[in-house]
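Chains, contacts and geometry: an overview
For reference, the chains in residue letters:
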Amino acid sequence: MRGELAPPGDKSISHRAIILGSLAQGLTTVRGFLSSEDTLSSAKAMMKLGVPIEINKETVKIRGKGSYGLSEPDDIIDAGNSGTTARILTGLLSSQNFFSSITGDQYLRTRPMDRVVKPLTRMGARIWGRDEGRRLPLAFLGSELKAIKYSLPVASAQVKSAILLAGLYAVGETEVVEPNPTRDHTERMLSYLGVRVERNSVSIKMEGPQQLKEGREISIPADISSASFLIVAALINPNSEILIKNVGINPQRTGAIEILKKMEGNIEILNKREACGEEIGDILVRSSTLIATEIKGEIIPKTIDELPVVAVAACFADGETLIKDAEELRVKETDRIKAITTELAKFGADIEELDDGMIINGRENLKGTKCTSWGDHRIAMALTIAGTRADGQTEIEDSECVSVSFPGFFTSLNNLRK
Ligand code: S3P
């Protein structure tokens, strides 16, 4: 694999640009927006709440309504496959002075919502939902919220963000304590848009109520989660050298790079810079002889979306790789522990499922196979990368779901093939 490319914009930051841009006053212009199924779910949701959003090829223009300018939607909001849309909007809708409801696709409707409903209810939110508020659809009747101090039982940026958005409307000091640090794009963008947020190594505090200031230009870097598939492809395929440009390297997102470097992956970050409160760099990757490693503890939230493709890298690493403390993988778009262990085993990988992770014994070769994505974009892409190095043909059923986060994935990969 050889060449240069910039993957599409960061999914997490794109969601936040749409949602927070809608709450700012006046025009926010977004560059580098990821136009994928997930982020379009957030955009359509905000449009349903009365915010004019214009999505063009190069830019997205959001005519923000200010914190108190949203209006009651005339229909159910559909978050599609997007957990980020559903969870962050649950925080926002709880605080609005109108009735609203939200649902999602067959996968999202099985995922836990109680992790956001519980703290929001403690803040005074009125939320009803299926399975006693544990699952979508949820319905909201806005009410006055009070600030709380909340210790997250699981490290989740979506839950943290939902509480912070509700905290914008709550009276008093909202504090979220994290068991392990998670991606902090919400805090960074809130600050960028004029909200006072206080942060230390374990918690985030915000005095409410507070309003976002004027809209601004937001530049979104390429998504490091999407880049990770290409990084692993270049590492495991011989004679590769690729340069992935303009990638977001927020320290809460670079766990996979740290791990792959520890596995002796030849990865360099060049040309480090900053834009709109986020770090950016270019990533140079060369084929490498990988060695096994242990992945556990604090690095897990920083790598959570990349673990399926890290597992693929481990299949080609010398020795036994252990991944633990990653039970959160079971409540992603699908049960990613079960999905990746089942599907990689079909390639002949020596991989064993654990309750909270997996054990992988690397070997020289995998064999191409027929496998399935389980309807999960990151499983589809991880299996594709395994297929690039496996002997013979690989066929992945249900692979169109890559468009949830990386439209053009197959074309980008083909363009790097030499
Ligand atoms: C995300 C947070 C993570 C991550 C997801 C995106 C976000 O989920 O897995 O893909 O944008 O806040 P959790 O908050 O459930 O850990």
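My aim in this report is to walk through the structure given alongside it, one point at a time. Throughout this document, residue positions are counted from 1 along each chain, in the order its sequence is written. Selection of residues for local features in this predicted model requires a pLDDT of at least 70, selection of side-chain atom pairs for listing and counting requires 80 or more, and totals for whole chains, interfaces and linings are taken over all residues. Side-chain measures were taken over the full set of non-hydrogen atoms in the model, leaving aside hydrogen atoms and water.

**Here we look at the site of the ligand**
Near the ligand you find 13 residues, and of these S12, R16, S156, D305 and K332 are the closest. Within the side chain of S12, one N or O atom sits 2.8 Å away from an oxygen atom of the ligand. Under this definition, polar contacts are N or O atom pairs within 3.5 Å; protein pairs additionally need one hydrogen-donor-capable and one acceptor-capable atom, and for neighbouring residues in sequence, both atoms have to be side-chain atoms. Interatomic distance of 3.1 Å between a backbone N/O atom of A157 and an oxygen atom of the ligand. Areas reported as accessible are Shrake-Rupley estimates using a 1.4 Å probe. Residue values count occlusion only from the protein chains shown. Surface burial for the ligand is 95%, taken as the share of its 390 Å² of free accessible area covered by protein chains. Residue proximity to a molecule or strand is established when one non-hydrogen atom of the residue lies within 4 Å of it.

**Describing empty space enclosed by the protein**
Within this scheme a cavity is a closed region of a 1 Å grid, computed over the protein atoms alone, that accommodates a 1.4 Å probe without allowing it to escape, whereas a pocket is open but has protein on both sides within 12 Å along at least five of seven lines; lining residues each have an atom within 4 Å of a point. Grid points are joined across faces, edges and corners, and a volume is the space filled by probe spheres set on the points. Counted by the stated rule, this structure contains two cavities of 30 Å³ or more. The volume enclosed by the largest cavity comes to roughly 70 Å³. Ranked by the residues each element gives to the lining of the largest cavity, the list is headed by helix α7 (residues 185-192), at four residues. For the lining of the largest cavity, the class distribution of residues is five nonpolar, two polar and two charged. Considering only enclosed or pocket space, the second largest cavity measures out at about 30 Å³ in volume. In terms of lining residues, the second largest cavity is bounded by D10, I13, H185, P221, I224, G248, I249, N250, R253, E278 and E279. The nonpolar class holds Ala, Val, Leu, Ile, Met, Phe, Trp, Tyr, Cys and Pro. Asp, Glu, Lys and Arg form the charged class, and all remaining residues, Gly among them, are polar. Grouping the constituent residues of the lining of the second largest cavity by class yields four nonpolar, three polar and four charged. A run of DSSP states H or I qualifies as a helix once it reaches four residues; a run of E qualifies as a strand once it reaches two. Both are numbered from the N-terminal end.

**Brief notes about the pattern of salt bridges**
A carboxyl oxygen of Asp or Glu within 4 Å of a side-chain nitrogen of Lys or Arg is what we treat as a salt bridge. Inspection of every chain in the model, using the stated rule, returns 30 salt bridges. Between K160 and E187 there is a salt bridge whose closest N-O contact spans 2.8 Å. Of this pair, K160 sits in helix α6 (residues 157-167) while E187 sits in helix α7, and the two are 27 residues apart along the sequence. This pair shows no difference in class: K160 is buried, exactly as E187 is. Think of it in three bands: with a 1.4 Å probe and only protein chains considered, a residue is buried below 20% of the maximum accessible area for its type, exposed above 50%, and partly exposed in between.

**Observations regarding the packing of helix α8 (residues 224-236) against helix α10 (residues 307-315)**
Relative orientation of the contacting elements α8 and α10 amounts to 5 degrees, with a least axis distance of 9 Å. The angle between the axes of α8 and α10 places the two elements in the roughly parallel class. Of α10, the residues touching α8 (which contributes S228, F229, V232 and I236) are V309, V312 and A313. When grouped by side-chain class, the residues that make up the contact of α8 with α10 number six nonpolar, one polar and no charged. Only C-alpha atoms enter the line fits that serve as axes; for helices the fit covers just the stretch in contact. Angles between N-to-C directions range over 0 to 180 degrees. An angle counts as roughly parallel when it lies under 35 degrees, as roughly antiparallel when it exceeds 145, as roughly perpendicular when it falls between 65 and 115, and as oblique in every other case. We call two residues in contact when some of their heavy atoms are within 4.5 Å.

**Let's talk about the packing of helix α1 (residues 11-23) against helix α3 (residues 83-94)**
Remark: α1 packs on α3, axes separated minimally by 11 Å, with the N-to-C direction vectors making an angle of 25 degrees. The orientation of α1 relative to α3 falls into the category roughly parallel. α1 and α3 meet at a crossing whose hand is right-handed. Where α1 abuts α3, its residues H15, R16, I19 and L23 lie against T84, T85, I88, L89 and L92. Residues that form the contact of α1 with α3 fall into these classes: five nonpolar, three polar and one charged. By the definition used in this description, the sense in which the near helix is turned from the far one sets the handedness, with an anticlockwise turn below a right angle giving left-handed and a clockwise turn giving right-handed.

**Quick look at the sheet that holds strand β13 (residues 217-219)**
Pairing between strands is defined by DSSP: at least two bridges between them are needed. Taken together, four strands build an open sheet; the order of strands is β3-β4-β2-β13 and the sheet is mixed. With partners counted over all chains shown, the strands left at the sheet margins are β3 (53-55) and β13, one partner each. Put simply, the sheet's adjacent strands are angled 15 degrees from each other on average, direction ignored. Bridge analysis of strand β2 (residues 25-31) against strand β4 (residues 59-65) gives seven bridges, and the strand direction is antiparallel. Paired with T28 across the two strands is I62, which belongs to β4. α1 contacts β2, β3, β4 and β13 of the sheet and is inclined by roughly 35 degrees relative to β4.

**Quick notes on a nonpolar patch on the surface**
Each patch groups residues whose relative accessible area exceeds 30% and which form no salt bridge, using 9 Å between like charges and 5 Å between nonpolar side chains of Val, Leu, Ile, Met, Phe, Trp and Tyr. Together, F99, W128 and L141 make up a nonpolar patch on the protein surface, roughly 300 Å² of accessible area in all. Mapping W128 onto the fold places it in strand β7 (residues 126-129). Classification of W128 by relative accessible area gives partly exposed; the value is 48%.

**Focus: the nonpolar core**
What makes a nonpolar core is a set of buried Ala, Val, Leu, Ile, Met, Phe, Trp, Tyr and Cys residues whose side-chain atoms join them at distances within 4.5 Å. I231, I244, I283, V285, V312, L344 and I385 are the most contacted members of the largest nonpolar core, which totals 69 residues. Ranked by residues supplied to this core, first place goes to α8 with 10 residues. Beyond its immediate stretch of four places on either side in the chain, L344 contacts A311, V312, C315, A349, I351, L383 and A386. Listed in part, the 64 residues of the second largest apolar core include L20, A45, L120 and V197.

**Some points on the layout of surface pockets**
Unfilled space is identified by rolling a water-sized probe across the atoms. Of the volumes computed, that of the largest pocket is approximately 550 Å³. In terms of lining, the largest pocket is formed by 34 residues, of which the most central are A155, S156, I304, E328 and K332. Only α1, α3 and α6 provide two or more residues apiece to the lining of the largest pocket. Grouping the amino acids of the lining of the largest pocket by side-chain chemistry returns eight nonpolar, nine polar and 17 charged. Domain start and end points were adopted from an automatic or database domain assignment. Shared between two domains, the lining of the largest pocket holds at least three residues of each, these being domain 1 (11-219) and domain 2 (224-416).

The values are spatial; any link to function lies outside them.
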